[in-house]
Amino acid sequence: MTSPQASAGLRRDLEIVDLLTRPEHARDGLGVTRIAELLGREKSQVSRALRGLEAEGMVERDPESLAYRPGWRLYAMAARTAEARLTHVAAQYLRRLVASLNETAHLCVLRGSGVLTLLSVAPSHAFRALGWEGVTVPAPLTSAGRVLVSDWAPDTLRAWASRWLQETNRPAAMLDHLLAQVAAIRSRGFAAVDEEFEVGLVGVSAPVRDFRGLIVAAINVSAPKARLGPHLDEAGRRTLAIARELSTALGYSPR
């Protein structure tokens, strides 16, 4: 059983973390004196608590301003929690898409220059389907990867794509193709690839947005060209519709 003293100490630490993660403080941070004032506590007590939180990565101190901000571990925990919730909520929407298309659907997120599959839902006939969960593939070659960067600023997108082309020794001429594909996504709402990632494979993807309107994931459907190719645009539209429903469930409200 947790002692009353330990429980009180934890509560006081959480008060500091809660204060620093508020939107008005998270970017520039707060100094020890200001934190103590806002919480109505002694400065020495707050200073000790901050040192302990900093040692655990929960807060970090700016070496110039000496202000405290949320730390790396807090952001890592928040990211894992957000992805766990995203996966949980998305499952029912992927099942509906699978029932509509009778093809395997995936929930994907961006990891650097790669696309990581968080969740896959397969139809009953896919008894020998490849396991994509936990697998990372090159983002620029996939419809999901292109969707996940489709709301980036042009300069950021160009720099990201150029770096990947250089690192993978691919022709610089691919840059214009990638930029054109992203522009098409912005126009029609979903991405489609035809044998770019793998010979004989086609796929479509649509963006999933969070309450801020940011793209946090992509719903992807990939299948052999002989089966899905003739219906690729229809699959894209259905995937987009499901992705929009999932976005709404995550709090997104288009303006």
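The rules behind these values
Residues numbered from 1 in each chain as written. Predicted model: local features only at pLDDT ≥ 70, side-chain atom pairs only at ≥ 80, totals over all residues. Heavy atoms only, no water. Pairing = 2+ DSSP bridges. Helix = DSSP H or I, 4+ residues; strand = E, 2+ residues; numbered from the N terminus. Axes fitted to C-alpha atoms, helices over the stretch in contact; angles between N-to-C directions. Contact = heavy atoms within 4.5 Å. Expected span 1.5 Å × (residues − 1). Buried < 20%, exposed > 50% of the residue type's maximum accessible area, 1.4 Å probe, protein only. Arc of directions from axis to C-beta. Core = buried A, V, L, I, M, F, W, Y, C linked by side-chain atoms within 4.5 Å.

Some remarks on the sheet that holds strand 3 (residues 105-111)
So, step 1. Taken in spatial order, the six strands make up an open sheet running 5-4-3-8-7-6, and their pairing is antiparallel. Two strands lie at the open edges of the sheet, namely strand 5 (136-138) and strand 6 (191-194), each paired on one side alone. Neighbour-to-neighbour, the strand axes of this sheet turn through a mean angle of 30°, independent of strand direction.
So, step 2. Inspection of the sheet shows strand 7 (residues 201-209) paired to strand 8 (residues 215-224) by nine bridges, in the antiparallel sense.

Some details on the environment of valine 59
So, step 1. As for its placement among the helices and strands, valine 59 is situated in strand 1 (residues 59-61).
So, step 2. In this view, valine 59 contacts Leu20, Leu50, Leu53, Glu54, Tyr68, Arg69, Pro70 and Gly71; residues no more than four positions away in its chain are not counted.

Regarding the pairing of strand 6
So, step 1. In this structure, strand 6 lies alongside strand 7, joined through four bridges in antiparallel fashion. In the strand pairing of strand 7, aspartate 194 is matched with valine 202.
So, step 2. With antiparallel pairing between neighbouring strands as the criterion, strand 6 and strand 7 make up a hairpin whose turn holds six residues, including glutamate 195 at a positive phi of roughly 60°.

Regarding helix 4 (residues 43-55)
Residues separated by three or four positions in an α-helix point in the same direction, a consequence of the helix having 3.6 residues per turn.
So, step 1. Here helix 4 is 13 residues long and its end C-alpha atoms lie 18 Å apart, about the 18 Å a rise of 1.5 Å per residue gives.
So, step 2. Residues Val46, Ala49, Leu50 and Leu53 constitute the buried set of helix 4. Buried positions in helix 4, seen along its axis, are confined to an arc of 105° and lie on one side of it. Opposite the packed face of helix 4, turned more than 90 degrees from it, sit the exposed residues Arg48 and Ala55.
So, step 3. With its phi angle positive at about 80°, glycine 57 sits one or two positions after the end of helix 4.

Observations regarding the nonpolar core
So, step 1. Ranked by internal contacts, the top residues of the largest apolar core, which has 34 residues, are Leu86, Leu94, Leu107, Val208, Ile219 and Leu246.
So, step 2. The set of elements that each furnish at least two residues to this core consists of helix 5 (72-101), strand 3, strand 4 (114-121), strand 7, strand 8 and helix 10 (232-249).
So, step 3. The element best represented in this core is helix 5, accounting for nine residues.
So, step 4. The contact partners of leucine 246, leaving out residues within four places of it in the chain, are Val89, Ala90, Tyr93, Leu107, Val208 and Ile219.
So, step 5. Val115, Met174, Ala191 and Ile215 belong to the second-largest nonpolar core, a separate cluster that totals 23 residues.

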